Amino acid sequence: MKTTQRTFLDYLGAPHTHFIIPVYQRVYTWSDKQCATLWRDCAHAGEAQSEHFIGTVLYSPDPELTSAQTQAIDIIDGQQRTATISLLIAALADYLEEQGMVLEDGTDAAELRARFLLADGRNPEDDLSKNVVSNYQRFKSYLQAESDAETIWRGLKQLTIIAAEVEESDCPQTVFESLNSKGMPLTTADLARNLLFSDVEYEEQERLYDQYWKPIENLFAGDDDDATSMNAALRGWLAVKAPHLRSRASDDVYDALKAF
């Protein structure tokens, strides 16, 4: 594994790079608590003009989707932070455009979008979930209420990460299981989805997810605690399919699924 310390914006704004969220990753889950923390971290870093470490981003080059013009990168861990900071930048770009404002270093809305947000051939309004929209609107309301775009932009430039590239000799699945990040904890369903999909090619991941996994997730989408319900369903399924594995406790489900 190759690791480097770099600013998050250098990572996100790498030229000719297309970031991919593999379908085996969990859905976008960050909400008010995580967005408020990110906003405070950016504001503090911008006011102090000092670096603020936000964790590790784990990624792997995707040769299947890489072209002569663009390098494709699969984000193995850090997709929640990557997506949320992208939403903050999108809100900042729209705010600058609406205010007719250019930041003190000469950055404007067009540059933010071109450098950090837009991928060739991809409509930025595709696949908008309710959570994505609400978090974008949350950041937009913060900007409108506090009118301190300069501080937030300075803070964004101070966010640092450890960027870790998984090499061919590494096992992404093992690394994925052992990560302990600052974000939302992984559920049994998150780990199971990764286990089932991570070793097949991208198009097959898409097909399997759309045809099989997404309908299963939709069965539990209305539950108050869909993660607990999904875990119970996996446990019940294993009890029928592999009773000898005896996943008695909820914490045993993933280990039993791996063994099966």
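Please refer to the structure higher up on the page.
A short tour of the structure in this document, coming up. (Residues numbered from 1 in each chain as written. Predicted model: local features only at pLDDT ≥ 70, side-chain atom pairs only at ≥ 80, totals over all residues. Heavy atoms only, no water.)

## Re the packing of aromatic side chains
Scanning the entire structure with this criterion turns up 7 aromatic pairs. When the centroid spacing of 5.0 Å and the interplanar angle of 55° are considered together, the rings of W39 and Y142 count as tilted. Here the residue W39 occupies a position in helix 2 (residues 32-48), and Y142 occupies one in helix 5 (residues 130-146), the gap between them amounting to 103 residues. Comparing W39 with Y142, the two get one shared label, buried. (Phe/Tyr/Trp six-rings, centres within 6.5 Å; stacked < 30°, edge-to-face > 60°. Helix = DSSP H or I, 4+ residues; strand = E, 2+ residues; numbered from the N terminus. Buried < 20%, exposed > 50% of the residue type's maximum accessible area, 1.4 Å probe, protein only.)

## Re the pattern of salt bridges
According to the stated counting rule, one finds 12 salt bridges in the structure shown. Note that R115 is salt-bridged to D10, the shortest N-O span being 3.7 Å. Taken together, the residues span a long stretch of sequence, with R115 in helix 4 (residues 109-117) and D10 in helix 1 (residues 8-12) at a distance of 105 residues. Residue R115 is classed as partly exposed on the basis of its relative accessible area of 38%. Salt bridges sharing common partners tie together D94, E97 and R113. (Salt bridge = Lys/Arg side-chain N within 4 Å of Asp/Glu carboxyl O.)

## With respect to the nonpolar core
Within soluble globular proteins, side chains that are nonpolar generally end up buried alongside one another. Counting residues in hydrophobic clusters, the biggest one holds 41 residues, and the most contacted among them are F8, F139 and L156. For this core, the leading source of residues is helix 3 (residues 79-99), giving 9 residues. Setting aside its immediate chain neighbours within four residues, L156 contacts L9, C42, I85, L88, I89 and L92. Core analysis: the next-biggest nonpolar cluster, separate from the first, contains 19 residues, F197, L208, M230 and L257 among them. (Core = buried A, V, L, I, M, F, W, Y, C linked by side-chain atoms within 4.5 Å. Contact = heavy atoms within 4.5 Å.)

## Quick word on the sheet that holds strand 1 (residues 2-7)
Within the open sheet, the 5 strands sit side by side as 1-5-3-4-2. Their pairing is mixed. In this open sheet, the two strands that pair with only one neighbour each are strand 1 and strand 2 (17-20). Across this sheet, the average inter-strand angle for adjacent strands is 35°, counted without regard to direction. In the sheet, strand 3 (residues 52-61) pairs with strand 5 (residues 159-165) via 6 bridges, with the strands oriented parallel. Bridge assignment links H52 to a residue of strand 5, and that residue is L159. Contacts from helix 6 (residues 149-158) reach strand 1, strand 3 and strand 5, with the element oriented near 30° to strand 5. (Pairing = 2+ DSSP bridges. Axes fitted to C-alpha atoms, helices over the stretch in contact; angles between N-to-C directions.)

## With respect to the side chain of D77
Along the chain, D77 turns up in strand 4 (residues 71-77). Under the relative-accessibility criterion, D77 is labelled buried at 11%. There is a polar contact of 3.5 Å between the side chain of D77 and the side chain of R81. (Polar contact = N/O pair within 3.5 Å; in protein donor to acceptor, adjacent residues only side chain to side chain.)

## Considerations on the packing of helix 3 against helix 6
At a closest axis distance of 11 Å, the pairing of helix 3 and helix 6 adopts a crossing angle of 145°. Judged by the twist between their axes, the crossing of helix 3 over helix 6 is left-handed. Residue-level inspection shows I85, L88, I89, L92, Y95 and L96 of helix 3 in contact with helix 6, the latter providing A149, I152, W153 and L156. Looking at the contact of helix 3 with helix 6, its residues break down into 10 nonpolar, no polar and no charged. (Left-handed = near helix turned anticlockwise from the far one by under 90°. Nonpolar A, V, L, I, M, F, W, Y, C, P; charged D, E, K, R; others polar.)

## Concerning the environment of I162
Along the polypeptide, I162 turns up in strand 5. Measuring from C-alpha to C-alpha, the distance between I162 and Q5 comes to 4.5 Å, with 157 residues separating the pair along the chain. In this structure, I162 is in contact with T3, T4, Q5, F53, G55, T56 and V57, ignoring residues within four places of it in sequence.

## Some details on helix 4
Those residues of helix 4 that sit buried are A109, L112 and F116. Mapping the buried residues of helix 4 onto a view down its axis gives an arc of 65°, with all of them on the same face. In this structure, the buried residues of helix 4 make contact with helix 1, helix 3 and helix 6. (Arc of directions from axis to C-beta.)

## Here we look at the packing of helix 2 against helix 5
It is at 10 Å that the axes of helix 2 and helix 5 come closest, and there the two elements cross at 40°. One finds that helix 2 runs oblique with respect to helix 5. Helix 2 and helix 5 meet at a crossing whose hand is right-handed. Across the interface between the two elements, D32, C35, A36, L38 and W39 of helix 2 pack against N135, R138, F139, Y142, L143 and E146 of helix 5. Taken together, the residues of the contact of helix 2 with helix 5 break down into 7 nonpolar, 1 polar and 3 charged. (Parallel < 35°, antiparallel > 145°, perpendicular 65-115°, else oblique.)

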